[in-house]
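Chain residues, written in single-letter form:
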Amino acid sequence: MFIAVATYKLVLVPAVEEELQPVVIYSKNLPTPLTPALENAYLANGCFLFITRTMSLTKVRRTMFDVQRRFNDRHGYPYVFLSEQPLSDLFQETVRHMAGANVSVEFGTIEEGWGYPEWIVPERAEQAAEDWAEANDMVADRIGYRHMVRYWAGPFADHPLIQKYRYMWRLEPGSHYTCDFEYDPFAYLESHRLSYGFSISFEETPDAVPTLARAARQFIAENQDIFQTATNETLNSGNSLAWMFDMEYNRCQFLTNSEIVDLDFIRSKSYRKLFEHLDKKGGMYYERWSDATVRSLAAAMFLNSSQVRWMDDVGYKHDLLNNCPTSIDRQMRCACNPAKSSHHLPMSCSARWSTSARSLNPGDV
């Protein structure tokens, strides 16, 4: 009788600033696991997208583990990793191994759309970021964050590795997916002609967006032609402005760290024009506007409620916020507490989408 014994070689990776302990991974001489056969599986033209750094490898692994185990091992959607600097060989080897041999994994550097635009005064931006971080006890809120959210707000959709895709599922390093997926969210968006799916929506803090409403009203006043032709750009007529501007600006916005997007929406003329308008205002540097600010305002202006879906059946956790399905059937495939789901909190805007996302005359905003 023979007993096969697997031998493993461990590699210690020095700790980096995000990690308290060394990372332990298997060496590259181990075989790559195979995903299940996918010959008959239908895949929409979509990809998972990380924008990350080498130092965030452990956080990326945590998120990929959830995504693969709960969804992608059964589907095989591709991954794209973008970064300011080339990701290390160790990083690339690790995530390829986690994705499996049947899954495409691509890596690209960000050449355009990252960094200060020419109209931003760097000294003013750096001081604003420093002041906001100190006032809100957020040591990580620095200029690098502002560059990142501006890139997510628009330029990412034009990266050469992304251009071939119609749909994008954003993955945030360190986030968790707490429920098994019983359907394909990419295919669901496609078959239902949806443009946007979100997991969590919250009111932004007032000091982050003090002049956003004024900028939005100015855009509407200066671009009446966009609202007259938006029907042709976004498949359906109407908007969802009441969700964000019911009586007054309520600061509701989607948390974009878990979003599934039809990139035709991001690449539309109306979206690009809004991004350019907000970008020129400088709020992503002089205040704390973010990609969530831009994406939410664009969805409210150019999409109606039938084109946006609150993915309330998706279990998702990021930092202190989470979405946990409440139905008994879904709970059988989840590891979260529905009583602690963030949509129960008074500042949540998720459930409001179903009740208040209706069309308004843009001139009434």
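Up top is the structure.
Residues numbered from 1 in each chain as written. Predicted model: local features only at pLDDT ≥ 70, side-chain atom pairs only at ≥ 80, totals over all residues. Heavy atoms only, no water.

Peer 1: What should I look at first to understand the overall build of the protein chain in this one?
Peer 2: On a plain count of helices and strands, the protein chain comes out with 13 helices and 14 strands. For the protein chain, buried positions account for 54% of its 365 residues. Taking contacts inside the protein chain between residues at least 6 apart in sequence as the whole, the part at least 24 apart equals 80%. (Helix = DSSP H or I, 4+ residues; strand = E, 2+ residues; numbered from the N terminus. Buried < 20%, exposed > 50% of the residue type's maximum accessible area, 1.4 Å probe, protein only. Contact = heavy atoms within 4.5 Å.)

Peer 1: Looking at this structure, how should I read the pairing of strand S4 (residues 79-83)?
Peer 2: Every other side chain in a regular strand lies on the same face of the sheet, so the side chains alternate between the two faces. Of all five residues in S4, five are buried; the element is thus mostly enclosed. Taking every second residue as pointing to the same face, both faces of S4 are buried, with Tyr79, Phe81 and Ser83 on one and Val80 and Leu82 on the other. Looking at chain direction, strand S3 (residues 46-51) and S4 are connected through four bridges and run parallel. In the strand pairing of S4, Leu49 is matched with Val80. (Pairing = 2+ DSSP bridges.)

Peer 1: Help me understand the packing of helix H6 (residues 212-222) against helix H9 (residues 269-281), please; the structure alone is not making it clear to me.
Peer 2: How two helices sit against one another is set out by the angle between their axes and by the gap between those axes. Across the interface, H6 lies against H9 with an axial gap of 10 Å and an inter-helix angle of 130°. As far as their axial angle goes, H9 and H6 are oblique. The handedness of the crossing between H6 and H9 is right-handed. Here H6 contributes Leu212, Ala215, Gln218, Phe219 and Glu222 to the contact with H9, which in turn contributes Ser270, Lys273, Leu274, His277, Leu278 and Lys281. Broken down by class, the residue content of the contact of H6 with H9 amounts to five nonpolar, three polar and three charged. (Axes fitted to C-alpha atoms, helices over the stretch in contact; angles between N-to-C directions. Parallel < 35°, antiparallel > 145°, perpendicular 65-115°, else oblique. Left-handed = near helix turned anticlockwise from the far one by under 90°. Nonpolar A, V, L, I, M, F, W, Y, C, P; charged D, E, K, R; others polar.)

Peer 1: Is there a simple way to think about the state of the cysteines in this case?
Peer 2: Defined simply, a disulfide is a covalent bond joining two cysteines at their sulfur atoms. Taken as a whole and judged by the stated rule, the model has three disulfides. With a sulfur-sulfur separation of 2.1 Å, Cys324 is cross-linked through a disulfide to Cys336. On the sign convention where negative means left-handed, the S-S torsion of about 80° between Cys324 and Cys336 marks this disulfide as right-handed. Of this pair, Cys324 sits in the loop between strand S14 (321-323) and helix H12 (328-331) while Cys336 sits in the loop between H12 and helix H13 (352-356); the two residues are 12 residues apart in sequence, bridging distant segments of the chain. Taken individually, Cys324 and Cys336 each receive the classification buried, so the pair is uniform in this respect. Taken in N- to C-terminal order, the disulfide-linked cysteines of the protein chain are connected 1-4, 2-6, 3-5. (Disulfide = S-S within 2.5 Å.)

Peer 1: Whenever I open this one, the packing of aromatic side chains confuses me. Can you help?
Peer 2: By convention here, two paired aromatic rings are described through the distance between centres and the angle between planes. For the structure on display, the rule yields 30 aromatic pairs. The side chain of Arg170 reaches across the aromatic face of Trp152, ending 4.0 Å from its centre. The residue whose ring lies beneath Arg309 is Tyr188, and the NZ or CZ to ring-centre distance is 4.7 Å. (Phe/Tyr/Trp six-rings, centres within 6.5 Å; stacked < 30°, edge-to-face > 60°. Lys NZ or Arg CZ within 6 Å of the ring centre and 35° of its normal.)

Peer 1: In this structure, what is going on with the nonpolar core? I would like to understand it.
Peer 2: Across soluble globular proteins, nonpolar side chains show a tendency to be buried alongside one another. With 67 residues, the main nonpolar core has Leu82, Phe156, Phe245, Phe265, Leu297, Met301 and Phe302 as its most contacted residues. Looking at this core, the element that brings in the most residues is helix H11 (residues 291-302), giving seven residues. With residues near it in sequence (within four places) discarded, Phe156 still touches Leu49, Ile51, Tyr151, Ile162, Met168, Leu263, Ile266 and Arg295. Listed in part, the 32 residues of the second largest apolar core include Ala44, Phe48, Val67 and Leu87. (Core = buried A, V, L, I, M, F, W, Y, C linked by side-chain atoms within 4.5 Å.)

Peer 1: What should I look at first to understand the sheet that holds strand S11 (residues 259-262) in this one?
Peer 2: Pairing between the strands of a sheet comes from backbone hydrogen bonds, and it takes one of two forms, parallel or antiparallel. Taken in spatial order, the seven strands line up as S5-S4-S3-S6-S11-S8-S12 in an open sheet, and their pairing is mixed. Two strands lie at the open edges of the sheet, namely strand S5 (105-109) and strand S12 (308-310), each paired on one side alone. Along the sheet, successive strands turn relative to each other by an average axial angle of 20°, direction set aside.

Peer 1: Hey, could you run me through the sheet that holds strand S13 (residues 316-318) in this one?
Peer 2: The three strands are arranged S7-S13-S14 in an open sheet whose pairing can be described as antiparallel. Only two strands of the sheet have a single neighbouring strand rather than two, namely strand S7 (176-177) and S14. Here S13 pairs with S14 via three bridges, running antiparallel. Bridge pairing in S14 places Lys317 opposite Asn322.

Peer 1: I'm lost on the side chain of Gln253 in this one. Help?
Peer 2: Among the structural elements, Gln253 can be located in strand S10 (residues 252-254). Judged by relative accessible area, Gln253 falls into the buried class, the value being 7%. A distance of 3.2 Å separates the side chain of Gln253 from the side chain of Glu204, its partner in a polar contact. Contact partners of Gln253, with chain neighbours within four places excluded, come to Ser201, Phe202, Glu204, Trp243, Ser290, Ala292, Thr293 and Ser296. (Polar contact = N/O pair within 3.5 Å; in protein donor to acceptor, adjacent residues only side chain to side chain.)

Peer 1: Just checking my understanding: could you explain unusual backbone geometry for this structure?
Peer 2: Backbone phi values are negative for most residues with the exception of glycine, while trans is the configuration of most peptide bonds. Its identity as a non-glycine residue notwithstanding, Arg193 has a phi of 55°, on the positive side. On the basis of relative accessible area, Arg193 is assigned to the exposed category, the value being 64%. In this structure, Arg251 is a non-glycine residue whose phi angle is positive, near 70°. Within the secondary structure layout, Arg251 lies in the loop between helix H7 (224-233) and S10. Classification of Arg251 by relative accessible area gives partly exposed; the value is 22%.

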